[in-house]
Amino acid sequence: MDLIILGAPGSGKGTQGALLSTRLGIPKISTGDLLRAAARDGTPLGVKAKQFMDKGLLVPDEIILGLIGEVLNSPEAAQGVIMDGFPRTLPQAAAVDELLTPLERRVDRVLLIDVAEEALIDRMVKRAEIEGRADDTPATIRRRQEVYREQTAPLIAFYEGRGIVTRVDGLGTIEEIAKRMQAAAAP
Ligand code: AMP
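The following paragraphs examine the structure supplied in this document. All figures in this text were calculated on a predicted structure; none of them were measured in a lab. (Residues numbered from 1 in each chain as written. Predicted model: local features only at pLDDT ≥ 70, side-chain atom pairs only at ≥ 80, totals over all residues. Heavy atoms only, no water.)

Examining the pairing of strand 1 (residues 3-6)
Selection rule: For the exposure calls, accessible area comes from a 1.4 Å probe over protein chains only, and a residue counts as buried if that area is under 20% of its type's maximum, exposed if over 50%, partly exposed in between. In this text, helices come from DSSP runs of H or I with a minimum length of four residues, and strands from runs of E with a minimum of two, each type numbered from the N-terminal end. A pair of strands is treated as paired once DSSP finds two or more bridges between them.
Residues Leu3 and Ile5 point to one face of strand 1 and Ile4 and Leu6 to the other, with burial holding for every one of them. In this structure, strand 1 lies alongside strand 3 (residues 82-84), joined through three bridges in parallel fashion. In the sheet register, Leu3 faces strand 3, and the bridge partner there is Ile82. As judged from the four bridges shared by strand 1 and strand 4 (residues 109-114), these two strands associate in the parallel manner. Among the inter-strand pairings, Ile5 is bridged to a residue of strand 4, identified as Leu111.

Re the sheet that holds strand 2 (residues 28-30)
What counts here: A fitted line through C-alpha atoms serves as each axis, taken over the contacting stretch for helices, and the angle formed by two N-to-C directions is quoted from 0 to 180°.
Spatial ordering of the open sheet is given by 2-3-1-4-5, a layout of five strands whose pairing is parallel. Whereas interior strands pair on both sides, the edge strands pair on one side only; in this sheet they are strand 2 and strand 5 (165-169). Across this sheet, the average inter-strand angle for adjacent strands is 25°, counted without regard to direction.

Focus on the site of the ligand
The criterion, for reference: Any residue with at least one heavy atom within 4 Å of a molecule or strand is counted as near it. Distance and chemistry together define a polar contact, namely a pair of N or O atoms within 3.5 Å, with one atom able to donate a hydrogen and the other to accept it when in protein, and with adjacent residues in sequence counting only for side-chain atoms on both sides. Using the Shrake-Rupley algorithm and a 1.4 Å probe, accessible areas are obtained, with residue cover drawn only from the displayed protein chains. Within this scheme a cavity is a closed region of a 1 Å grid, computed over the protein atoms alone, that accommodates a 1.4 Å probe without allowing it to escape, whereas a pocket is open but has protein on both sides within 12 Å along at least five of seven lines; lining residues each have an atom within 4 Å of a point. Here the criterion for a molecule occupying a pocket or cavity is that more than half of its atoms lie within 2 Å of the pocket grid points.
With respect to spatial proximity, 16 residues lie near the ligand, and among them Thr31, Arg36, Leu57, Gly85 and Gln92 are the closest. Within the side chain of Arg88, an N or O atom sits 3.0 Å from an oxygen atom of the ligand. One of the side-chain nitrogen or oxygen atoms of Gln92 is found 2.9 Å away from a nitrogen atom of the ligand. Expressed as a share of its isolated accessible area of 480 Å², the protein-covered part of the ligand is 96%. Its atoms largely coinciding with the cavity grid, the ligand occupies the largest pocket.

Notes on the nonpolar core
Here is the rule: Nonpolar core, defined: a set of buried Ala, Val, Leu, Ile, Met, Phe, Trp, Tyr and Cys residues in which side-chain atoms within 4.5 Å join the residues together. Here a residue-residue contact requires only that any non-hydrogen atoms of the pair lie within 4.5 Å.
Counting residues in each nonpolar core, the largest one holds 45 residues, and the members touching the most others are Leu72, Met83, Val96, Val107, Val110, Tyr159 and Met181. Of the residues forming this core, the biggest block, six residues, is contributed by helix 4 (residues 61-72). When sequence neighbours within four positions are dropped, the list of residues in contact with Val107 reads Asp2, Ile4, Val96, Asp97, Leu100, Tyr159 and Ile164.

Read these as layout, nothing more, since geometry by itself doesn't imply function.
Rendered as structure tokens:
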């Protein structure tokens, strides 16, 4: 099964993706985690990506498309994958389709975690205090919400056109939301 978790920054994609991964036995792959690791290691890709991440901007598609190819063709992803943080633009969504088709796979379902924007900003400010992420400052938090609205939210209509989007209410305890996610993933 190939699943995409879609949601604004701070909606809980990472936390919920990890729980869903354990419960369904499907690996979760996060482009955000891969990029942060590359930035920490100081690889050429990481150094380039960091310039955009620190500003709250998306890393350009020409960098991300190669990364998505590596992820989807990796042995880890051979039995299906939970995509956390990608695709984030329409060209990335097209790339996912192009990579899955030769593997005789397709995006089975998109789980959209629904949280109002005010609640998101609150959560991210708290997360910034706990995790100290470089891109969790008030200005970048706002920028990332704008970027989501402009560049990533159009994916909702794209996948709704295929009838594969399930909206999950993202307010509640972690466990409440995890149960909703599980029900939505395997209806
Ligand atoms: P995340 O951990 O998913 O919130 O990602 C953190 C940051 O990494 C984002 O704000 C982007 O700068 C970058 N990033 C992660 N995934 C992608 C992607 N699929 N496309 C472009 N940029 C990405």
